[in-house]
Structure formats: C-alpha cells, structure tokens
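# Fold and contact review
One-letter residues, chain by chain:
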Amino acid sequence: MAELIVMTKKNYEKLKEELEYLIKVKRPEIIERIAEARSHGDLSENAEYDAAREEQRSNEGKIAEIEYKIKNADIREEETDTSYVHLGSVVTVYDEDMEEENVYTITSVTEVDPMAGKVSVESPVGAALLKKRVGEKANVKCPDGAEYTLKILAIK
C-alpha cells in the first residue's frame, strides 16, 4: 500500500495545475522539438535531439511524481488555531544548543523549502514540534542519532 502524503487543499490544487501544464503545454512543446531535431537527419550526432529527449525523460518523470502525490494525497484542512503546532503553523523556537531563535513553517512534504524555513510535518523538526504549545520543549531526533531541544516561543 502506498504511503499517504499529507497536504493542504491549496497545495493539492497547485499540484493539479502544475500537472495540467506539464501534460497539456510542456509535453507537446517537447514532442515538437524532438520532431524538429529528427528532421535534421543523423540522430547519432544530433545534440538538439539528445537534449530534447533528455528533457522529455525529465518531464515524464516529473509527471509521474506529481501523479503519485495527487493519487496518494491526504488532504488536511488548514487550521487557524494558534494554541498548538499543526500543519500550516509558523513557529518561533529557541535552539538551546545553538543559542539562537529560528522560525519554521510546518508544511506538507510537497511544500518543503529548508532555505525558507519550511519544514515537513514528517521531518525530524516538524514531527517533534507537532501538537506542542508555547512554552513547551520539543526534542528533535536527528537521523544520525543526535538530539537537540527546541523551546517554542510563539505560534502563528
């Protein structure tokens, strides 16, 4: 059985739009480029053809990935309750080991962007923070076995 992928309705709709674009716009563009490159003759030394075929493989892989996410979506309602951490929460924490504050947005796995502070509900940080309240501490267990503590300062 496939693993369910937690996401918001907004993210689900965004994935459907991206899938439609890849299938209805990008796929025909790539097919057209492949046909154009084929018309130039010898395919064994045709860089344009090779590039178009590689783009086609990449696009088809992306389509399959998005179809899988949509098929296995576990759509959750966006909550507005700021009394505890949940999907969609923006959490300000204090890292006791590093002695610094960080802000994390708890997202679905399809929206992760570590550079922007967006962490998945399934990541070590996201999982540790879930259902915690302001003032509580969360013990984050890293894949390498190390642990550290985050104190929740604020939830938006």
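Throughout what follows, the structure given in this document is the object of discussion. Keep in mind that what you see is a predicted model, and the values were worked out from it rather than measured.

Glancing now at the overall build of the protein. Secondary structure assignment for the protein yields three helices and seven strands. When its helices and strands are written in sequence order, the protein yields β-α-α-β-β-β-β-α-β-β. For the protein, the C-alpha radius of gyration of 21 Å lies well beyond 15 Å, the compact-globule estimate for 156 residues. Dimensions of the protein, computed from C-alpha atoms along their principal axes, come out at roughly 70 × 30 × 30 Å. Relative to its full complement of 156 residues, the protein shows a buried share of 34%. Considering only intrachain contacts with a sequence separation of at least 6, the fraction spanning at least 24 residues in the protein is 52%. About 9900 Å² of surface is accessible on the protein, with carbon and sulfur atoms providing 50% of the total. With 23 positive and 34 negative side-chain charges, the protein shows a spacing of 5 Å between the two charge centroids.

What follows covers the environment of E147. Tracing the backbone shows E147 in strand 7 (residues 147-155). Sequence-distant contacts of E147, that is, excluding residues within four places in its chain, are made with D97, N139, V140 and K141.

Further remarks concern the pattern of salt bridges. As enumerated under the stated definition, the model contains eleven salt bridges in all. Here K16 ties to E13 by a salt bridge, and the two come within 4.0 Å at their closest N and O atoms. Separated by three residues within a single helix, K16 and E13 lie in helix 1 (residues 9-38), roughly one turn from each other. With a shortest N-O distance of 3.0 Å, E65 and K69 are connected by a salt bridge. You can see E65 and its partner K69 sitting in helix 2 (residues 47-71), four residues apart, about one turn around the helix. Its relative accessible area of 36% is what places E65 among the partly exposed residues. What emerges from the salt-bridge pattern is a single network uniting K9, E13 and K16.

Residues E29, E32, E36 and E48 make up a contiguous surface patch of negative charge. Considering each element in turn, the negative patch owes the most residues, three residues, to helix 1. Within the secondary structure, E32 is located in helix 1.

Turning next to the nonpolar core. Core analysis: the biggest nonpolar cluster contains 18 residues, and V125, L129 and L150 have the highest contact counts within it. Of all the secondary structure elements, the ones that give two or more residues to this core are strand 3 (90-95), strand 4 (100-107), helix 3 (124-129), strand 6 (137-141) and strand 7. Element by element, the count of residues in this core is highest for strand 7, at four residues. Every residue in contact with V125, bar those within four places of it in the chain, is listed here: Y104, V119, V140, Y148 and L150. Core analysis: the next-biggest nonpolar cluster, separate from the first, contains nine residues, M7, Y12, L19 and L22 among them.

So, on to helix 2. Between its first and last C-alpha atoms helix 2 spans 36 Å; for 25 residues at 1.5 Å apiece the expected length is 36 Å, and the two agree. Among the structural elements, strand 1 (5-8), helix 1 and strand 2 (73-76) are those in contact with the buried residues of helix 2. Where helix 2 starts, the residue carrying a side-chain oxygen 3.1 Å from the main-chain nitrogen of E48 turns out to be N46.

Cut-offs applied
- Residues numbered from 1 in each chain as written.
- Predicted model: local features only at pLDDT ≥ 70, side-chain atom pairs only at ≥ 80, totals over all residues.
- Heavy atoms only, no water.
- Helix = DSSP H or I, 4+ residues; strand = E, 2+ residues; numbered from the N terminus.
- Rg over C-alpha atoms; globule rule 2.2 N^0.38 Å.
- Buried < 20%, exposed > 50% of the residue type's maximum accessible area, 1.4 Å probe, protein only.
- Contact = heavy atoms within 4.5 Å.
- Areas by Shrake-Rupley, 256 points an atom, 1.4 Å probe, with all protein chains shown as cover.
- Lys, Arg positive; Asp, Glu negative; His and termini not counted.
- Charge placed at Lys NZ, Arg CZ, Asp CG, Glu CD.
- Salt bridge = Lys/Arg side-chain N within 4 Å of Asp/Glu carboxyl O.
- Patch = residues over 30% accessible without salt bridge, like charges linked within 9 Å, V, L, I, M, F, W, Y side chains within 5 Å.
- Core = buried A, V, L, I, M, F, W, Y, C linked by side-chain atoms within 4.5 Å.
- Expected span 1.5 Å × (residues − 1).
- Polar contact = N/O pair within 3.5 Å; in protein donor to acceptor, adjacent residues only side chain to side chain.

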